[in-house]
Amino acid sequence: MKTYDLLIKNADIYTMDEKNTVISHGVIGVEGENITLMEEMDKEKEYAAAEVIDAAGSVVFPGFVDTHIHIFQSFLKGLGADHRLIEWLNLSALPYGQYMTPHQHKLAAQLACMEALKSGCTTMSEFFYTNQDVELAHSCIDGMVSTGIRSVFIRTFQDTGEEYGMPKCFLEPAGKAMKEVEALKKKYQENDMLSIWTGPDVTWSTTKEGYQEMLEYCLSENVRYSMHIKETEVDNQMCMKYYGKDIVDMLEEIGFLTDKFLAVHCVNLTPHDIERFAKYGVSISHNPAPNLYLGSGIPPIPESLKAGVNVSVGTDGAASNNSTDMLESLKLAALIQKGIHRDAAVITADEIIRMATAGGAKAVGMEDKIGTLKVGKKADLIVFNPRHLKSAPMHDAKATVVYASSEENIDTTVVNGKVVYHKGKFSCGIEEETLIEEINRELVTLKKQI
């Protein structure tokens, strides 16, 4: 009899594949990192494994992919509340980001990633822009890796933007930034759980020359990239001021719109922008919570999906969301579209979960490894237990996940074949209370410097 490393049995399995395959009363067998068995339970067959999870009454989904977060902001929840983007930045992220230490970055990464794992997220895409000390990036990565989450580290750059409040210590030439990106790639090249990207931070902190130099590096070295774009009207105001054209027009002109580009926020996309994103294979990271929290607006997500644009979901930094809870973001992503369109059917629970799983995997260039459940793919998955007051009774699993769930429903999170979270406990050995106590002590020191 074959023995698996991990066996999850008696679950209804929602594969999220193109056929929307659901396996009732199913079993998943994992060997090493990969799914090697997925079928309906056979009463006549014996299954053996080193570790067995009986998921009777529960459902299994692919793990969620958070395609945009700023990890250091996990220290800053609630600061700058009730202000729009630029004012909020200058009250929270920018002043505090200048003074956080490497150790504080590591703690912030553990806090963010553990909360993400607890809410069903198996892949985290960190958009990192506090580059004044090279050790900060390493500490953030160490913190991410220590939790067992699959990680994308996007080492970005700013080469202008002081007039909008960008601290001088954050500014650097694009060429210098690309050397740092290359150094990170070489240092972590053996870690297949970590991908290194780059990108401009935001429109108003990047010169045209910076875009071009970064793009040349990415295309020549096959590096993916991301940036905030059309989050508020400031993006186009700056672009028109310096270049005399819309930001998407300018990016198309220099060849920036490719399938390696993950565009974040996209609140003010025009129909023509959407057409071009579809044409060039650009993916979108939809971050509903911060777009509402900062009063930025609601992006045209149903319109983008209809045009064939790949859309994913991000939480953004906790200073503009106040959590790293993917389940909360999924509910917001659905409800705000229904409200603004006055159409309950404009986006469905299936589409939302697909954005967070298959859409997220495609957005980070890993659709061949994660995002759907299939024999041969990586075992990145969650066991969702509906037997809690908020979610019971469960009539439709996808609707329950999107509209009636919370972190307590995530029974188990598996990443790369390993159980990293199970019934309130993290396998990384970090205790929640101990981590929070240390963070609170560090905050006393940090606040004295502001």
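A quick note: this is a predicted structure, and the numbers were derived from the prediction, not measured.

S.K.: Explanation requested: the side chain of Asp273 in the structure shown.
M.R.: Structurally, the position occupied by Asp273 is in helix H9 (residues 271-280). Residue Asp273 is classed as buried on the basis of its relative accessible area of 1%. Here Thr270 takes part through its backbone nitrogen, which lies 2.9 Å from a polar atom of the side chain of Asp273. Excluding residues within four positions of it along the chain, Asp273 makes contact with Lys230, Asp246, Val248 and Asn268.

S.K.: What should I look at first to understand the state of the cysteines in this one?
M.R.: Defined simply, a disulfide is a covalent bond joining two cysteines at their sulfur atoms. Under the criterion given, the structure shown has 0 disulfides. Cys140 takes part in no disulfide bond, and the closest cysteine sulfur, belonging to Cys113, lies 7.4 Å away. With relative accessibility at 0%, the residue Cys140 sits in the buried group. Cys113 supplies the cysteine sulfur nearest to Cys428, a cysteine that is in no disulfide, at a spacing of 9.8 Å. Taking relative accessible area as the criterion, Cys428 reaches 25% and is therefore assigned partly exposed.

S.K.: Got a minute to help me understand the pattern of salt bridges in this structure?
M.R.: It is possible for side chains bearing opposite charge to pair when their charged atoms get close. This model, assessed by the stated rule, comprises 21 salt bridges. Across the pair Lys241 and Glu163 runs a salt bridge, and its minimum N-O distance is 3.2 Å. One end of the pair, Lys241, is in helix H7 (residues 234-243); the other, Glu163, is in the loop between strand E8 (150-157) and helix H5 (174-187), with 78 residues separating them in the sequence. The exposed category is assigned to Lys241, whose relative accessible area is 54%. Overall, Glu163 belongs to the partly exposed group, its relative accessible area being 48%. Between Arg354 and Asp350 there is a salt bridge; the shortest N-O distance is 3.6 Å.

S.K.: Looking at this structure, how should I read the packing of helix H3 (residues 102-118) against helix H4 (residues 134-147)?
M.R.: When two helices pack together, their arrangement is given by the angle between the helix axes and by the axis-to-axis distance. Packing of H3 against H4 leaves a shortest axis separation of 7 Å and a crossing angle of 30°. When you trace H3 past H4, the crossing you get is right-handed. From H3, Pro102, His105, Lys106, Ala109, Gln110, Cys113, Met114 and Leu117 reach across to H4, where they touch Glu135, Leu136, Ser139, Cys140, Asp142, Gly143, Met144, Ser146 and Thr147. Here the contact of H3 with H4 is composed, by residue class, of 8 nonpolar, 6 polar and 3 charged.

S.K.: Honestly, the nonpolar core in this entry has me stumped. Any pointers?
M.R.: With 124 residues, the main nonpolar core has Phe153, Leu251, Phe256 and Phe277 as its most contacted residues. If you tally residues by element for this core, the top one is H3, at 9 residues. The next biggest cluster of nonpolar side chains, apart from the first, holds 18 residues, and it includes Ile13, Val30, Ile35 and Ala55.

S.K.: What is the right way to read the environment of Val415 from this model?
M.R.: Counting through the fold element by element, Val415 comes out in strand E15 (residues 410-415). Placed 278 residues apart in sequence, Val415 and Ala137 show a C-alpha to C-alpha distance of 23 Å. Beyond its immediate stretch of four places on either side in the chain, Val415 contacts Leu117, Thr122, Gly148, Ile149, Arg150, Met193, Ala379, Asp380 and Val420.

S.K.: Mind showing me how you'd approach the pairing of strand E12 (residues 283-286) here?
M.R.: Residues in a regular strand project their side chains so that they alternate between the two faces of the sheet. Burial along E12 is two-sided: the residues Ser283 and Ser285 and Ile284 and His286 are all buried. As judged from the 3 bridges shared by strand E11 (residues 261-265) and E12, these two strands associate in the parallel manner. The partner of Val264 across the bridge, within E12, is Ser285. Of the crossover connections in this fold, the one passing from E11 over H9 to the parallel E12 is right-handed. Across 4 bridges, E12 lies against strand E13 (residues 310-313) in parallel orientation. By the bridge assignment for E13, Ser285 is matched with Ser312.

Conventions adopted
Residues numbered from 1 in each chain as written. Predicted model: local features only at pLDDT ≥ 70, side-chain atom pairs only at ≥ 80, totals over all residues. Heavy atoms only, no water. Helix = DSSP H or I, 4+ residues; strand = E, 2+ residues; numbered from the N terminus. Buried < 20%, exposed > 50% of the residue type's maximum accessible area, 1.4 Å probe, protein only. Polar contact = N/O pair within 3.5 Å; in protein donor to acceptor, adjacent residues only side chain to side chain. Contact = heavy atoms within 4.5 Å. Disulfide = S-S within 2.5 Å. Salt bridge = Lys/Arg side-chain N within 4 Å of Asp/Glu carboxyl O. Axes fitted to C-alpha atoms, helices over the stretch in contact; angles between N-to-C directions. Left-handed = near helix turned anticlockwise from the far one by under 90°. Nonpolar A, V, L, I, M, F, W, Y, C, P; charged D, E, K, R; others polar. Core = buried A, V, L, I, M, F, W, Y, C linked by side-chain atoms within 4.5 Å. Pairing = 2+ DSSP bridges. Right-handed = clockwise from strand over helix to strand, strands pointing away.

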